[in-house]
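Residue-level structure breakdown
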Amino acid sequence: MDLVEYQGKQYFGRYGLPVPPGEIANTVAEAEAAAERLGYPVVVKAQVQVGGRGKAGGVKLAGSRAEVTEHAGNILGLSIKGHVVRRLWIEKATDIAKEYYASFTLDRSAKLHLAMVSARGGVDIEQVVEEDPDAIARLHVNPLDGLTLEAVRDLVERARLDPQAREAAAEILLKLYDCYIEGDADLVEINPLVLTTDGQVRVLDAKVTLDDDAAFRHPEWAEIDDLSDSSERERLAKSKGLSYIPLDGSVGIIANGAGLAMSTVDMVNQVGGSAANFLDVGGGADADVMANALEVINLDPSVRAILVNIFGGIVRCDDVARGIVNALEKVDIASQIVLRLDGTNAAEAHKIIAERASEKIINERTMLSAARRAVELAGASRSQGGSEL
Ligand code: GDP
Ligand code: MN
């Protein structure tokens, strides 16, 4: 789960990291009221799950109520890389002398945690990696050993942070590591970590990705999830244990296995259509799983046809076929469903489907023919929809 900036800062705050005071605002009036309470100048910040908000006009300094009104009005509703801003974070402004970068993440190939610190913060770190890789100091941390003050002192020195910032930055890194480990994050990133004009070190931006597999240890995460900008479909899918990613096409896709789901998306594109989602039902494709998957896709108003692509290995196609038939009794599905069932017990599955075949369920033998049929149906029902207007 990715947190937006203010959620990340609240998470950091629990571990004692120095984040500036701020308040959430969903409207211009709330932004004005928050700024009055915080005192000027404030920063008006778009809360969306993408970086580069500053460059896109989503981060603005405001020195007066009138400026808050103007910036909040401009930023609310702004689309940043496809994410529409619905919420603002109003923060007490900081006087910046220097901008640094600091992060912890998992280096899977080294099987160790990786700390990265740079005196070149505030800009896109990928850009720094390309232009000036030596500007980033790295430290691998063995989780069994943990992190020591000596090690982080050495790290900030190698990163060439200004001498007066080093001790505070080292302490911040120790807390950030605790937050990363105890908080079960996959990534914690501060960009920028700043040195203020009066010599303090402060966290000005936060990017936090929590490890979903650790959710059972964190009942408090449920609250964060409720506030995130994910849709009803995404939340339903997650609660049902499905791996679901919304896309912007019109063919809903259900497949078993991430590889097959991805090839199905590609196949739909190849025959001239576009996928409305990626949905991997994983190893189990019984009646309940199929009903859940169909229910999630059914909530998407842009879906015009559903393509179910199952390759039976351990999963038996006849079970899947019965699952779909049962699912259709449980859920009232708006779109037609094209099926391609192949692999273990496919012949039996085809028999089951043939008995129940209707204009709702269409059986196809190959992935290509199924994709063509689904795309055709999605196109046909779209033009039908159009002629009703
Ligand atoms: P991002 O563009 O999405 O990474 O958003 P950031 O939160 O990192 O803000 C972008 C930039 O805005 C920072 O790198 C700073 O230069 C600037 N900025 C953010 N907060 C403040 C602040 O309190 N005071 C000042 N002067 N600049 C700020
Ligand atoms: Mn940033």
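Residues numbered from 1 in each chain as written. Chains lettered and ligands numbered in written order. Predicted model: local features only at pLDDT ≥ 70, side-chain atom pairs only at ≥ 80, totals over all residues. Heavy atoms only, no water.

With that out of the way, let us pick up the coordination of the manganese ion (ligand 2). Only Asn191 (O) and Asp205 (OD) from the protein coordinate the manganese ion (ligand 2), and they sit 2.2 Å from it. Taken together, the residues span a long stretch of sequence, with Asn191 in strand β11 (residues 185-196) and Asp205 in the loop between β12 (201-203) and β13 (207-210) at a distance of 14 residues. (Donors = N, O, S within 2.8 Å, 3.2 Å for Na, K, Ca; no water. Helix = DSSP H or I, 4+ residues; strand = E, 2+ residues; numbered from the N terminus.)

Another aspect to go through is helix α1 (residues 5-14). Burial of α1 is extensive: seven of the ten residues sit out of reach of the surface. Residues of α1 that are buried: Glu5, Tyr6, Gln7, Gly8, Lys9, Tyr11 and Phe12. Positive phi shows up at Gly16, right after α1, with a value of about 80 degrees. (Buried < 20%, exposed > 50% of the residue type's maximum accessible area, 1.4 Å probe, protein only.)

Attention now moves to unusual backbone geometry. A cis amide bond links Tyr40 with the next residue in sequence, Pro41, at an omega value of -5 degrees. Among the secondary structure elements, Pro41 is positioned in the loop between α2 (28-38) and β3 (42-46). Here the amide bond leading from Asn191 into Pro192 is cis, since omega sits at 15 degrees, within 30 degrees of zero. We note that Asn345 has phi near 60 degrees; this positive angle belongs to a residue other than glycine. Positionally, Asn345 belongs in the loop between β18 (336-343) and α12 (346-356).

Close contacts around ligand 1 come from 17 residues, with Lys45, Arg53, Gly54, Thr94 and Glu99 the closest. Thr94 is positioned such that a nitrogen or oxygen atom in its backbone is 2.9 Å from a nitrogen atom of ligand 1. Contact between ligand 1 and Asn191: an oxygen atom at 3.2 Å from a main-chain N or O atom of the residue. Protein chains shield 81% of the accessible area of ligand 1, which is 560 Å² for the free molecule. Mapped by element, the contributors of at least two residues to the shell around ligand 1 are β3, β4 (59-62), β8 (96-107) and β11. Classifying every residue of the shell around ligand 1 by side-chain character gives seven nonpolar, six polar and four charged. (Near = heavy atom within 4 Å. Polar contact = N/O pair within 3.5 Å; in protein donor to acceptor, adjacent residues only side chain to side chain. Areas by Shrake-Rupley, 256 points an atom, 1.4 Å probe, with all protein chains shown as cover. Nonpolar A, V, L, I, M, F, W, Y, C, P; charged D, E, K, R; others polar.)

All right, on to the packing of aromatic side chains then. Centre-to-centre distance and the angle between the planes together describe a pair of aromatic rings. Scanning the entire structure with this criterion turns up five aromatic pairs. Taking 5.8 Å as the distance between ring centres and 20 degrees as the angle between the ring planes, the aromatic pair formed by Tyr6 and Trp89 counts as stacked. Here Trp89 lies in strand β7 (residues 88-92) and Tyr6 lies in helix α1, a separation of 83 residues in the sequence. The same class applies to Tyr6 and to Trp89, which are both buried. Among the aromatic residues, those joined into a cluster by ring pairs are Phe104, Tyr177 and Tyr180. (Phe/Tyr/Trp six-rings, centres within 6.5 Å; stacked < 30°, edge-to-face > 60°.)

With that out of the way, let us pick up the nonpolar core. One finds Phe12, Phe104, Leu173, Val188, Leu193 and Leu210 to be the most contacted residues of the largest nonpolar core, which totals 41 residues. Examining the composition of this core, we find that nine residues originate from one element, helix α6 (residues 163-182), more than from any other. Formed by 37 residues, the second largest nonpolar core is a distinct cluster that contains Leu294, Cys317, Val320 and Val331. (Core = buried A, V, L, I, M, F, W, Y, C linked by side-chain atoms within 4.5 Å.)

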